[in-house]
Amino acid sequence: DLAADKSALLSFRSAVGGRTLLWDVKQTSPCNWTGVLCDGGRVTALRLPGETLSGHIPEGIFGNLTQLRTLSLRLNGLTGSLPLDLGSCSDLRRLYLQGNRFSGEIPEVLFSLSNLVRLNLAENEFSGEISSGFKNLTRLKTLYLENNKLSGSLLDLDLSLDQFNVSNNLLNGSIPKSLQKFDSDSFVGTSLCGKPLVVCSNEGTVPSQPISVGNIPGTVEGSEEKKKRKKLSGGAIAGIVIGCVVGLSLIVMILMVLFRKKGNERTRAIDLATIKHHEVEIPGEKAAVEAPENRSYVNEYSPSAVKAVEVNSSGMKKLVFFGNATKVFDLEDLLRASAEVLGKGTFGTAYKAVLDAVTLVAVKRLKDVTMADREFKEKIEVVGAMDHENLVPLRAYYYSGDEKLLVYDFMPMGSLSALLHGNKGAGRPPLNWEVRSGIALGAARGLDYLHSQDPLSSHGNVKSSNILLTNSHDARVSDFGLAQLVSASSTTPNRATGYRAPEVTDPRRVSQKADVYSFGVVLLELLTGKAPSNSVMNEEGMDLARWVHSVAREEWRNEVFDSELMSIETVVSVEEEMAEMLQLGIDCTEQHPDKRPVMVEVVRRIQELRQSGADRVG
Ligand SMILES: Nc1ncnc2c1ncn2[C@@H]1O[C@H](COP(=O)(O)OP(=O)(O)OP(=O)(O)O)[C@@H](O)[C@H]1O
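Remember, it's a predicted structure, so these values are computed and weren't measured experimentally. (Residues numbered from 1 in each chain as written. Predicted model: local features only at pLDDT ≥ 70, side-chain atom pairs only at ≥ 80, totals over all residues. Heavy atoms only, no water.)

How should I be thinking about the packing of aromatic side chains in this particular structure?
When we look at a pair of aromatic rings, we describe it by the centre distance and by the angle of the planes. A complete count under the given rule lists nine aromatic pairs for this structure. Between Phe 164 and Phe 182, the ring centres sit 5.6 Å apart and the planes meet at 40°, which makes this aromatic pair tilted. Within this pair, whereas Phe 164 is found in strand β12 (residues 163-165), its partner Phe 182 is found in the loop between β13 (170-174) and β14 (191-193), the two being separated by 18 residues in sequence. The same class applies to Phe 164 and to Phe 182, which are both buried. Aromatic side chains Phe 164 and Phe 187 sit 5.9 Å apart centroid to centroid with 50° between the ring planes, which places their arrangement in the tilted category. Residue Phe 164 is found in strand β12, and its partner Phe 187 is found in the loop between β13 and β14; the two are separated by 23 residues along the sequence. No difference in accessibility class separates Phe 164 from Phe 187, as the two residues are buried. Linked through ring pairs, Phe 322, Phe 376, Tyr 397 and Tyr 399 together constitute an aromatic cluster. (Phe/Tyr/Trp six-rings, centres within 6.5 Å; stacked < 30°, edge-to-face > 60°. Helix = DSSP H or I, 4+ residues; strand = E, 2+ residues; numbered from the N terminus. Buried < 20%, exposed > 50% of the residue type's maximum accessible area, 1.4 Å probe, protein only.)

Listed below in C-alpha cells is the structure:
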C-alpha cells in the first residue's frame, strides 16, 4: 500500500543519500514529493535523475514498490550490483539507470520484467555476457547498453527493437541479422562485425571517452549532464499583468489619438466603399466573436467623441475592412467601446474592446511602424486576404501618420500560452492529450496554409501566445505577417526568445523553416508543459529545445513529459502518440534548417499519429 511505498522511498533516500531530495516526511502521502508520481493510491513512477544519489541500493526497497511503472535514476553516482528485488516490480515499463557506476552482471531478475518497453543501462560498469534472457522482454523497444564492460558475443535477441546500442563494450563476433538494421554507431567501439556496417572498429577495447549523451554539437553533456537538473520555470503572461496596471491610461490615450483627425469628416470616418453601415441589428443575435460572419455594428454618434475629434482633427482616418460581405462597426464604436488591455507584445499593445453585450474585438495598436501609407497598405492587405479556419482573421485596420491599429476577432479562450502556463493549480481542469494534440494539429494547419500561399510567405513570430483558442479549443494562429511591418528597432532582442531558430539573426528576415523551428518549440511546450519564454536558459545553459534534445534521445517519455499529462493519461496508446509527437518536435527543432520537415509534412505526421492513436484505442 501507499504507506509501504512511502517507507520504501524513505529507506531508499537514507541508503543512497540524495542530499538534495527535500521530501517532507511529515506528509502522510509521498505523492507530492519531488520525483514521485502516484496513480490509484500507489507510487507508479520514481524519477530522480541527477540528484547526486550515491552508493549501493540495498535489497528490501524495490521489493515494496511493486506498482512502479517508471524508474529513472540516471545520471547519479550509484554503485554496486543492481538489487535483486527489482524483479518484484513486474509492472515496470521504463527503467533508466544510465550514467551511474553500477557493476557486476546484469541480473537475471531483470528478464522477468516482461512489461519493460525501455531499458537503458548505458554508461555503467556492467560486465559479463549479454544474456539470452533478454529474449523474454518481448515488449522491449529500446535497449541501450553502450559504454559498459560487457563481453562475449551478441546473441540474436529476436526482439522488435526501435532503438539499440551496444557500442563501446568488449563484444566480439558477428552482428546477428535482426540487429543489422541499426547503423554503425550502435556497434562502434566493439569488435563486432556485420554485413551492413560501414564502420567496424576492431580495437576490441572501450575508448576512454564515452560517447556523448546528446546529439547536438555544443550541447552541455556528459559530466555536465550529471548536474542536478533544475525544472524550467513556468509562468503567467507578464504582459497581461503589466497591461492591466496601465490599461486605463492607455485606453484614454488611444481614444484621444484616434479622434484626433476626425474633424468635419465624421460622417465619412469609414471607408464607404468597403463598409455597409448597419444600424443596431445585433439584439438577439448570438455573440459571434469567432465565426467569420461575426457581426459588429455602427452605434449612434457619441458627442464626447466629436469633441475629441474636433480637437485633434488633421490627416486621413479610415477604418478599412477586409471581406466583401462583412458587416462592420466604425471607428466611433471602437473608441467608445469599453476596453481592457490584453497584453503588451513585440509589435504593440493588444486590447479587448467590448462593442456591446455580444460583440467583442481585439485591437492591436502597433508601435514602431515607420512604413509609408502605401507600403503598409500593400502588406496589410496580403495579411487581410488570408482566409483559413485555423487563422485569426484580420477584420480591419486603421492607418494614420502616428497611429496604426489592427482589428481582429476576439478569441474568448485566450492563448495557448495562457492555457498551458497560466492559472495552473488554481482549479483549471488538466489539459488532456486529445486537446493538446488537437491544438497542435489546428495550429499546424494554419501555418501550412500560410506557407502554401507563396514559397516566401511565413509567419515570423510563431509562439504559444500567438496560438489562440475558440471555446471548443480549436486553434487559430494569430499575428501573422506583422514581423514585416515593423522597423528593426522594435524587434527587441528577447522577441520570441526560446522560439527563434538559431539561424535567425534579423527577426524580420523570417523563413518557413524558421517557422517550423518555432512551431517545433510549441510542440515541445505542449508536451513538457514548460514555457520557453520563461526559461530561456536552464542551469545547464540550454533553452527548451536544446534541453529536450539532450534528454529525449535517451529517455523518450521519462523526464520530458508534462507531469500533468503523465498523471491523467494512463493509456499506453497515448504514450505512443506522445512519443511520436516528441520526435516530431525534435525534428522541427533541428539546428540545421534543411533537416527540418516542411509544414505540410508536419500536418501529415500529426494527423497520422492522432489517427494511429485512435485506431489503437479501437
Ligand atoms: N484576437 C485576440 N483574442 C484574444 N486574445 C488576444 C488576441 N490577440 C492577442 N491576444 C492576447 O493578447 C496578449 C497580447 O498579444 P500580442 O499579440 O500583442 O502580444 P504577444 O502575443 O504576447 O507577443 P507578440 O507581439 O510578439 O506576438 C496575448 O496574451 C495574446 O494572447
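From this point, things continue past the structure.
Even after reading the chapter, I still don't get the sheet that holds strand β5 (residues 77-80), so can you show me in this structure?
Pairing between the strands of a sheet is mediated by backbone hydrogen bonds and can be parallel or antiparallel. Read from one edge of the open sheet, seven strands run β3-β5-β7-β9-β11-β13-β14, paired in parallel fashion. A strand with exactly one partner marks an edge of an open sheet, and here the two such strands are β3 (54-56) and β14. Neighbouring strand axes in the sheet, compared pairwise and without regard to direction, differ in orientation by 20° on average. The sheet contact formed by strand β9 (residues 125-129) and strand β11 (residues 149-153) spans three bridges and is parallel. Residue Glu 129 lies in a different strand from β11, and its bridge partner there is Ser 151. In the packing of helix α1 (residues 2-16) onto the sheet, contacts are made with β3 and β5, and the angle to β3 comes to roughly 110°. (Pairing = 2+ DSSP bridges. Axes fitted to C-alpha atoms, helices over the stretch in contact; angles between N-to-C directions. Contact = heavy atoms within 4.5 Å.)

Help me understand the site of the ligand in this model?
The ligand sits among 22 residues. The nearest are Thr 346, Lys 364, Asp 409, Lys 463 and Asp 479. Within the contact set of the ligand, an oxygen atom lies 2.8 Å away from a side-chain nitrogen or oxygen of Lys 463. Relative to its unbound accessible surface of 600 Å², the ligand loses 95% to contact with the protein. Among the elements that make up the shell around the ligand, the one with the highest residue count is strand β16 (residues 338-345) (three residues). Here the residues of the shell around the ligand are counted per class, giving ten nonpolar, eight polar and four charged. (Near = heavy atom within 4 Å. Polar contact = N/O pair within 3.5 Å; in protein donor to acceptor, adjacent residues only side chain to side chain. Areas by Shrake-Rupley, 256 points an atom, 1.4 Å probe, with all protein chains shown as cover. Nonpolar A, V, L, I, M, F, W, Y, C, P; charged D, E, K, R; others polar.)

Purely geometric stuff here, so don't read any function into it on its own.
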